[in-house]
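Listed below are the residues making up each chain.
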Amino acid sequence: MKYCALKMEFFWGRGQESRRLLLLLLLLAAWEAGNGQLHYSVFEEAKHGTFVGRIAQDLGLELAELVPRLFRVASKGRGDLLEVNLQNGILFVNSRIDREELCGRSAECSIHLEVIVDRPLQVFHVDVEVKDINDNPPVFPATQKNLLIAESRPLDSRFPLEGASDADIGENAQLTYRLSPNEYFSLEKPSDDELVKGLGLILRKSLDREEAPEIFLVLTATDGGKPELTGTVQLLITVLDANDNAPAFDRTLYKVRLPENVPNGTLVIKLNASDLDEGLNGDIVYSFSNDISPNVKSKFHIDPITGQIIVKGYIDFEESKSYEIIVEGIDKGQLPLSGHCRVIVEVEDNNDNVPDLQFKSLSLPIREDAPLGTVIALISVSDKDVGVNGQVTCSLTPHVPFKLVSTFKNYYSLVLDSALDRESVPAYELVVTARDGGSPSLWATASVSVEVADVNDNAPAFAQPEYTVFVKENNPPGCHIFTVSAQDADVQENALVSYSLVERRVGERALSSYVSVHAESGKVYALQPLDHEELELLQFQVSARDAGVPPLGSNVTLQVFVLDENDNPPALLAPRVGGIGGAVSELVPWSVGAGHVVAKVRAVDADSGYNAWLSYELQPGTGGERIPFRVGLYTGEISTTRALDEADAPRHRLLVLVKDHGDPALTATATVLVSLVESGQAPKASSRALAGAVGPEAALVDVNVYLIIAICAVSSLLVLTLLLYTALRCSAPPTDGGCARGKPMLVCSSAVGSWSNSQQRRPRVCSGEGPPKTDLMAFSPSLSDSRDREDQLQPTEESFAKPRQPNPDWRYSASLRAGMHSSVHLEEAGILRAGPGAPDQQWPTVSSATPEPEAGEVSPPVGAGVNSNSWTFKYGPGNPKQSGPEPKKQTQVSFLLRRKGEASQPRQ
């Protein structure tokens, strides 16, 4: 709300006149209040500290908020004439005010003040009227005026005089003249129309040079101020002889309109005067009066012969809107006579001034979340031209989120028009154009750079929502495994990102006991050695949070796969029957032929992939003797290489080297004690007795044949019971167990193709990370053809030299490597071959072949070491044409991989 005040002086009357005057003043005050400005008045030449008005109170501002809101007063081109006391909010005179110096002879004189306060930005306009006092006396152009008047001049002749001037205005500048008493002249005072008739002397009595050659008069000018001030000029009149006719102009007043900025030499007017005399008394010389101002003489020139007035200086409408020129025409008589006229030159305005554009106040930078309508700058425009040429309009650079709003006369506010986004445009270069209404129009521009201040409106962002990291096990504590990095589109502290772990439990331990993240760099460190056998996958989240207020953040998921290293040597499984010192004792009849399976070495490896792929080698005997035995490269089966004869030693100590495929490879050694006995004695000896008969002189213990038969019968019954139980389990519908849906079945073992359950792997199958996708089911032992052993009697040197790759008859999982020791967690893809009549199952394999008949087919996993459960195998005789001299009960194991919920299909 704007407050206005009006100071008025009036006289109280009585009756109806007083009431009318009061009503008129109230209407005037209401009109002034609606005008939207604050008005004060002060007399010129007021002393320092003179009270002008309570400006803070009138503007509705509290005294306590003047300093915090940066209350300030600006006056264009007026210096520090007025000042405001910020303690009491009073506007007072600060320095000398001279109305004539400020406004010249203008009827209205005021000081325009701009009162600006911030927080929020407000601008008030205050006009202080400077009232005139009578401080300037009338002044004549000269202190003495010389007049030459011929004695022959007729009565009532008029002699113009230059009047006095008063710098004041109004009544203080209203002059009255009086002439000192004399008998010859009277004073002709100026009429109301000063352009027609001015001050002059009227001859009332004929002059007589002989009687009075010189006349001294005093002309006094008095103004209308209180007290009155006066000015005088002495008139010295010299009476001349003869020349009866003075030059006379066509008119006493000429008016000419002259455009500003005309070039020098431009003709203004051609004057013409005539003289009735002849000869020299009739020749007229034109000149400017001695009383005209030097400014007129600098702008114009008159030709003394032709009377042409031409321009010789720069004519500027803004400097002077009109010029008054007094021209004399003097003849060349012995006693020269003169005639006078006045020329009024009115200057016409041209559009020759460009608009003036200034930024009064700037509130920068602007926050990107600033509300619409926020005032950014206050702009003032002006034009020295008048009329249409001085009407100024402002425009702004297009396609920017700002606009100009006209607030008061030639004032504009730069305000926010649409939402800002520093991340899209951090700064705007605005150009404000001020254009006047002239033809052609002129314009001026001003530029301002508006910087957008950042707010925390962008959360840190990772390049992708999830990262996969591969780390080898047994890493050193504190090793760097990965670096996360998040980018924040903000700047400064709003873009300062810090990283932290999203804490959770990993089993029985906290996540922070496994890994840590550097708060500034985002580097992730493993705090302890990781064990692939204990933890294959560590999944956790890292949080990135900026330093803004309030802070913003986002998370990224890290999947750390622990890669297997060959850090576990093969482990030998305990023999089924008794042995001494971990050695396996076996009795072999002398009569067995080539390819007879004597024993089987069982071993497992806690590693995965190639690190757990075991091969078996038979160490050569001491002394270079030939040993009639060999071991299967991947099966661990010890069989005869030829028929035994009497040249062979009755007892053999076989050292079987079990080696994995890691780099470097780790090994274990198994000892097998083989004793050769007669065919009838073989069943009588027990493996425990053979284990004790290590020395070459030990004797075989006779065993009752009936006891052996009883043992075989009981063993056969046990095998049939196990087979029946397995068949029932395979045909039964799946039920939910402790591991919920999808619990995998465990693999069974048989006489020749066995593997064992790894208790180390079992807990991870039921870890709850998600239900397994398939089940591994079922096996039925079957008798192999006697010809199946034939090809096993064909050993080659190559089989002892190096491990061979599996042939296509074998497919097995990495969990079912040599010794086949762990539960199997299978994926759905590829083909796993089942027994006859059973469906094939999809499984991811990469098969390779080898001509070795008993090695089978081994399919190492794609990316072995990451997911070690992607191996497949088929366990059984590699060649149906094999046969042996002494058929032995063999078991072919077939695997059926089925989906959860499918009914099992028994073999035909």
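Because the structure is a prediction, the values reported are computed rather than measured.

**Section: the overall build of the protein**
Okay, step 1: When its secondary structure is counted, the protein shows eight helices and 53 strands.
Okay, step 2: For the protein, the proportion of its 908 residues judged to be buried stands at 44%.
Okay, step 3: Put simply, of all contacts in the protein between residues at least 6 apart along the chain, 70% involve residues at least 24 apart.
Okay, step 4: As displayed, the protein offers around 46,500 Å² of accessible surface, 53% of which is attributable to carbon and sulfur atoms.

**Focus on unusual backbone geometry**
What is expected of a backbone is that most residues other than glycine have negative phi and most peptide bonds are trans.
Okay, step 1: That bond from Arg119 to Pro120 is cis: its omega, -5°, falls within 30 degrees of zero.
Okay, step 2: Its location among the elements puts Pro120 in the loop between β6 (110-117) and β7 (122-131).
Okay, step 3: Of note, the bond from Lys226 into Pro227 is cis; its omega dihedral lies within 30 degrees of zero at 0°.
Okay, step 4: Among the structural elements, Pro227 can be located in the loop between β13 (214-222) and β14 (230-240).
Okay, step 5: Positive phi outside glycine occurs at Arg119, with the angle close to 55°.
Okay, step 6: By the element assignment, Arg119 lies in the loop between β6 and β7.

**Things to note about the pattern of salt bridges**
Okay, step 1: Under the counting rule described, the total for this entry stands at 20 salt bridges.
Okay, step 2: One salt bridge connects Lys145 with Asp291, and the closest N-O pair in it is separated by 3.2 Å. You can see Lys145 sitting in strand β8 (residues 144-150) and its partner Asp291 sitting in the loop between β19 (284-288) and α4 (294-299), a full 146 residues away along the chain.

**Describing the state of the cysteines**
Okay, step 1: Tallying each qualifying case throughout the model produces one disulfide.
Okay, step 2: Each sulfur in the disulfide pair Cys103 and Cys109 lies 1.9 Å from the other. Disulfide Cys103-Cys109: the torsion about the S-S bond is 70°, which places it as right-handed. One exposure class covers both Cys103 and Cys109, and it is buried.

**Quick word on the side chain of Asp168**
Okay, step 1: Here Asp168 lies in the loop between β9 (158-160) and β10 (176-179).
Okay, step 2: Among the polar contacts made by the side chain of Asp168, one reaches the main-chain amide nitrogen of Asp135 at a distance of 3.4 Å.
Okay, step 3: Setting aside residues no more than four positions away along its own chain, Asp168 makes contact with Glu44, Glu100, Arg105, Asp132, Ile133, Asn134, Asp135, Asn136 and Ala173.

**Observations concerning the sheet that holds strand β45 (residues 597-600)**
Okay, step 1: In space, the three strands of this open sheet follow the order β45-β49-β48, with antiparallel pairing throughout. The open sheet has two free edges, formed respectively by β45 and β48 (629-631), since each of these has just one partner strand. For this sheet, the mean inter-axis angle between neighbouring strands, taken without regard to orientation, is 20°.
Okay, step 2: In this sheet, strand β49 (residues 637-640) lies alongside β45 in antiparallel orientation, the contact comprising three bridges. Among the inter-strand pairings, Ala599 is bridged to a residue of β49, identified as Ile638.

**As for the confidence of the model for the protein**
Okay, step 1: On average, residues of the protein score 75 in pLDDT, and 71% of them are at 70 or above.
Okay, step 2: The secondary structure element of the protein with the lowest average pLDDT is helix α7 (residues 762-765), at 34, and the one with the highest is strand β40 (residues 523-526), at 96.
Okay, step 3: Contacts of residues 1-15 to residues separated by more than four positions or lying in other chains number 32 contacts, the stretch itself having pLDDT below 50.
Okay, step 4: Across residues 735-908, confidence stays below pLDDT 50; counting only partners more than four residues off in sequence or on other chains, it has 411 contacts.

**A look at the environment of Asn566**
Okay, step 1: Take Asn566: it is sitting in the loop between β42 (553-563) and β43 (571-572).
Okay, step 2: Assessed through its relative accessible area of 15%, Asn566 is described here as buried.
Okay, step 3: Along the chain, Asn566 and Asp607 lie 41 residues apart, while their C-alpha atoms are 6.4 Å from each other.
Okay, step 4: The contacts of Asn566, once residues within four sequence positions are left out, are Asp605, Asp607, Asn611, Asp660, Gly662, Asp663, Pro664, Ala665 and Leu666.
Okay, step 5: Within the local environment of Asn566, its side chain forms a polar contact with the side chain of Asp660, the two groups lying 3.1 Å apart.
Okay, step 6: Within the structure, the side chain of Asn566 is placed 2.8 Å from the backbone oxygen of Pro664, a separation counted as a polar contact.

**Here we look at the packing of aromatic side chains**
Okay, step 1: This model, assessed by the stated rule, comprises nine aromatic pairs.
Okay, step 2: With a centroid separation of 5.4 Å and an interplanar angle of 85°, the aromatic rings of Phe402 and Tyr428 are classed as edge-to-face. Taken as a pair, Phe402 in strand β28 (residues 402-408) and Tyr428 in strand β30 (residues 427-436) lie far apart in primary sequence, 26 residues in all.
Okay, step 3: Residue class for Tyr428 comes out buried when judged on its relative accessible area of 12%.
Okay, step 4: For the pair Tyr610 and Trp613, a centre-to-centre distance of 5.6 Å together with 55° between the ring planes defines the contact as tilted.
Okay, step 5: By relative accessible area, Tyr610 is classed as partly exposed at 36%.
Okay, step 6: An aromatic cluster is built from Tyr610, Trp613 and Tyr634, whose rings are joined through pairwise contacts.
Okay, step 7: Just above the ring of Tyr514 sits the side chain of Arg509; from NZ or CZ to the centre is 4.7 Å.

Cut-offs and rules
Residues numbered from 1 in each chain as written. Predicted model: local features only at pLDDT ≥ 70, side-chain atom pairs only at ≥ 80, totals over all residues. Heavy atoms only, no water. Helix = DSSP H or I, 4+ residues; strand = E, 2+ residues; numbered from the N terminus. Buried < 20%, exposed > 50% of the residue type's maximum accessible area, 1.4 Å probe, protein only. Contact = heavy atoms within 4.5 Å. Areas by Shrake-Rupley, 256 points an atom, 1.4 Å probe, with all protein chains shown as cover. Salt bridge = Lys/Arg side-chain N within 4 Å of Asp/Glu carboxyl O. Disulfide = S-S within 2.5 Å. Polar contact = N/O pair within 3.5 Å; in protein donor to acceptor, adjacent residues only side chain to side chain. Pairing = 2+ DSSP bridges. Axes fitted to C-alpha atoms, helices over the stretch in contact; angles between N-to-C directions. pLDDT = per-residue confidence, 0-100. Phe/Tyr/Trp six-rings, centres within 6.5 Å; stacked < 30°, edge-to-face > 60°. Lys NZ or Arg CZ within 6 Å of the ring centre and 35° of its normal.

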